[in-house]
Amino acid sequence: MALLEIENLVVEFQTATGPFRAVDGVSLKVHESEVPAIVGESGSGKSVSMLAAMGLLPWTAKVTADKLAFNGRDLLKMSAADRRRIVGKDIAMIFQEPIASLNPCFTVGFQIEEVLRIHMGLDRKARRKRAIELFESVGIPEPAERLGHFPHQMSGGQCQRVMIAIALACNPKLLIADEPTTALDVTIQKQILDLLMRLQQEYRMGLIMITHNMGVVAETADRVVVQYKGRKIEEADVLSLFESPKSNYTRALLAALPENATGDRLPTISELFNEQQMLEGATR
Ligand SMILES: Nc1ncnc2c1ncn2[C@@H]1O[C@H](COP(=O)(O)OP(=O)(O)OP(=O)(O)O)[C@@H](O)[C@H]1O
């Protein structure tokens, strides 16, 4: 059975100028231990589709789907309380801006222990012990001391490690990483990606990598879903996608990689194909 099953997901926002369709018929299946990547340029609906699956969109979003299930359980039909039991425990998410994702008013220790209290029901002593173990497993030095620090006392890379530790606190079956390295400097990016991949194998988690960076895709994912303007236009295993992309849009994304540069400057996606041509070869 698939961990996450999404069929024909549509998300529409009510805006001042009328409804805006941010996700238009996206389908995705993720099994245990799989690492699919969702790629596409900014605004292609990558984050919104995953936030919809988590039930984390604001009330202005209208979410419909033929199927939206986790471990065979229908997420759309279950009560909000049941869904909260799954989200944050069996499905966890980490975001692009680690410092902004943490609450500046509480120590990082308090924030990880809250998750352990609410979802795992651990007492104070057990919470502290588990928090130290989790900080150790994500490579935070002097973990016991670090628990007393506030987010602003830590670097961006360390805050992302804290976010990862919080996400792992309840042994999730599925982790959604939304551009987890974009806000970090290059040397730290590689460390965080290596950490995520090590933990994915250790915990045998499904890991959805949301990214616009094809380099991150090549290093982490086994399968790729390409999104353009809210639509899935191609899905393939990583090698096939890099070797023989089907849609013009995927070709344009790959042509924009620095290592594929042939002239003095890289082409922009819209220079290569117009909007109609972009969808040629697209499969849904
Ligand atoms: N609350 C909202 N109200 C209205 N429109 C929204 C809302 N949230 C997102 N959108 C719009 O939905 C579209 C998809 O956004 P989304 O954040 O999923 O893109 P993305 O592919 O993840 O891009 P990025 O890589 O920049 O995060 C965008 O046009 C965005 O402006």
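Along each chain, the written sequence defines residue order, and numbers are assigned to residues from 1. Residue-level local features of this predicted model are given only where pLDDT is at least 70; pairs of side-chain atoms are given and counted only at 80 or more, and the full residue set underlies all totals for whole chains, interfaces and linings. Excluding hydrogens and water, the side-chain figures rest on all heavy atoms present in the structure.

**Examining the overall build of the protein**
Scanning the protein from N- to C-terminus turns up 13 helices and eleven strands. A principal-axis box enclosing the C-alpha atoms of the protein has dimensions of 60 × 45 × 40 Å. Burial status follows relative accessibility: with a 1.4 Å probe on protein chains alone, a residue under 20% of its type maximum counts as buried, one over 50% as exposed, and anything between as partly exposed. Looking at the protein as a whole, 49% of its 284 residues qualify as buried. For this analysis, residues touch if any pair of their heavy atoms sits within 4.5 Å. Intrachain contacts of the protein at a sequence separation of at least 6 include 67% that bridge at least 24 residues. With residues, only the protein chains shown are counted as cover, and all accessible areas are computed by Shrake-Rupley using a 1.4 Å probe. A total of about 13,700 Å² of accessible surface is found on the protein, and carbon and sulfur atoms cover 52% of it. The way it works is that DSSP assigns letters per residue, a run of H or I at least four long becomes a helix, a run of E at least two long becomes a strand, and they are numbered from the N terminus.

**A short note on the packing of helix H5 (residues 124-137) against helix H7 (residues 156-168)**
Working convention: axes come from line fits to C-alpha atoms, limited for helices to the stretch in contact. Angles between N-to-C directions cover 0 to 180 degrees. It is the contact of H5 with H7, at a shortest axis distance of 9 Å, that shows an interaxial angle of 125°. By the criterion of interaxial angle, the relationship of H5 to H7 is oblique. The interaxial crossing formed by H5 with H7 has right-handed handedness. Residue-level contacts link Arg130, Leu134 and Phe135 of H5 to Val162, Ala165 and Leu168 of H7. The class makeup of the residues in the contact of H5 with H7 is five nonpolar, no polar and one charged. What sets the label is the angle itself: under 35 degrees gives roughly parallel, over 145 gives roughly antiparallel, 65 to 115 gives roughly perpendicular, and the rest give oblique. Take the far helix as the reference: if the near one is turned anticlockwise from it by less than a right angle, the crossing is left-handed, and if turned clockwise, right-handed. Residues are grouped as follows: nonpolar covers Ala, Val, Leu, Ile, Met, Phe, Trp, Tyr, Cys and Pro; charged covers Asp, Glu, Lys and Arg; every other residue, Gly included, is treated as polar.

**Points about the UniProt feature "domain: ABC transporter" (unreviewed entry) in the protein**
UniProt positions are given in the numbering used here, feature names are shortened, and annotations may be inferred rather than shown by experiment. The sites that UniProt annotates as "domain: ABC transporter" (unreviewed entry) are residues 4-254. The span residues 4-254 shows a helical share of 41% and a strand share of 27%, and its end C-alpha atoms are spaced 28 Å apart.

**Side note on the nonpolar core**
The biggest cluster of nonpolar side chains holds 57 residues, and the ones touching the most others in it are Ile112 and Ile164. Counting residues per element, this core draws most heavily on H7, at eight residues. Residue contacts for Ile112: discarding those within four places in its chain leaves Ala131, Leu134, Phe135, Leu147, Ala165, Ile166 and Ala169. Residues belong to a common nonpolar core when they are buried Ala, Val, Leu, Ile, Met, Phe, Trp, Tyr or Cys residues joined through side-chain atoms within 4.5 Å. Core analysis: the second largest hydrophobic core is formed by 33 residues, Leu28, Ile38, Leu75 and Ile176 among them.

**A word on H7**
Here H7 contains 13 residues, and its C-alpha end-to-end distance of 18 Å stays within 8% of the 18 Å for a straight helix at 1.5 Å per residue. Of all 13 residues that make up H7, twelve are buried, and the element is covered over most of its length. If you check which residues of H7 are buried, you get Gly157, Gln158, Cys159, Gln160, Arg161, Val162, Met163, Ile164, Ala165, Ile166, Ala167 and Leu168. Given the number of residues in a helix, its expected span is that number minus one, multiplied by 1.5 Å.

**Structural notes on the pattern of salt bridges**
Salt bridges are defined by distance alone: a side-chain nitrogen of Lys or Arg within 4 Å of a carboxyl oxygen of Asp or Glu. Taken as a whole and judged by the stated rule, the model has 19 salt bridges. With a closest N to O distance of 2.8 Å, Arg223 and Glu34 form a salt bridge. Of this pair, Arg223 sits in strand S10 (residues 223-228) while Glu34 sits in the loop between strand S2 (18-30) and strand S3 (36-39), placing them 189 residues apart in sequence. Judged by relative accessible area, which is 15%, Arg223 ranks as buried. For Asp82, the salt bridge is made with Arg85, and the minimal N-O distance between the two is 2.6 Å. Taken together, the residues span about one helical turn, with Asp82 and Arg85 both in helix H2 (residues 80-86) at a distance of three residues. Beyond isolated ion pairs, a larger network of salt bridges with shared partners links Glu34, Arg223, Lys232 and Glu235.

**Quick word on the packing of aromatic side chains**
To pair, rings of Phe, Tyr and Trp, with the six-membered ring standing in for Trp, must have centres within 6.5 Å; the planes then decide the type, stacked if under 30 degrees apart, edge-to-face if over 60, and tilted in the middle. Counted by the stated rule, this structure contains two aromatic pairs. Geometrically, the ring pair formed by Phe106 and Phe110 is stacked, given 4.8 Å between the ring centres and 20° between the ring planes. With 4.5 Å between their ring centres and 40° between their planes, Tyr228 and Tyr249 make a pair best called tilted. With Tyr228 in strand S10 and Tyr249 in helix H11 (residues 248-255), this pair connects stretches of sequence that are 21 residues apart. In this pair, the class of Tyr228 matches that of Tyr249, namely buried.

**Observations concerning the site of the ligand**
Nearness of a residue to a molecule or strand requires only that one of the residue's heavy atoms be within 4 Å of it. In the neighbourhood of the ligand, 13 residues make up the surrounding shell, with Ser42, Gly43, Lys46, Ser47 and Val48 lying closest. A distance of 2.8 Å is found between an oxygen atom of the ligand and a backbone nitrogen or oxygen belonging to Gly43. Residue contributions to the shell around the ligand peak at three residues, all from helix H1 (residues 46-54). Among the residues forming the shell around the ligand, the class breakdown is five nonpolar, five polar and three charged. In protein, a polar contact means a hydrogen-donor-capable atom and an acceptor-capable atom, both N or O and within 3.5 Å, with residues adjacent in sequence counting only if both atoms are side-chain atoms; elsewhere, any N or O pair within 3.5 Å suffices.

**Section: the layout of surface pockets**
Every definition here rests on a 1 Å grid over the protein atoms only: cavities are sets of points where a 1.4 Å probe fits but cannot get out, pockets are open sets enclosed by protein on both sides within 12 Å along at least five of seven lines, and lining residues have some atom within 4 Å of a point. Grid points are joined across faces, edges and corners, and a volume is the space filled by probe spheres set on the points. Estimated volume of the largest pocket: approximately 520 Å³. Along the wall of the largest pocket there are 20 residues; nearest its centre are Met54, Leu56, Val87, Gly88 and His119. Among the elements of the structure, H2, strand S7 (91-94), helix H4 (108-120) and H7 are those that each provide at least two residues to the lining of the largest pocket. Looking at the lining of the largest pocket, the element that brings in the most residues is H4, giving five residues. Classifying every residue of the lining of the largest pocket gives twelve nonpolar, five polar and three charged.

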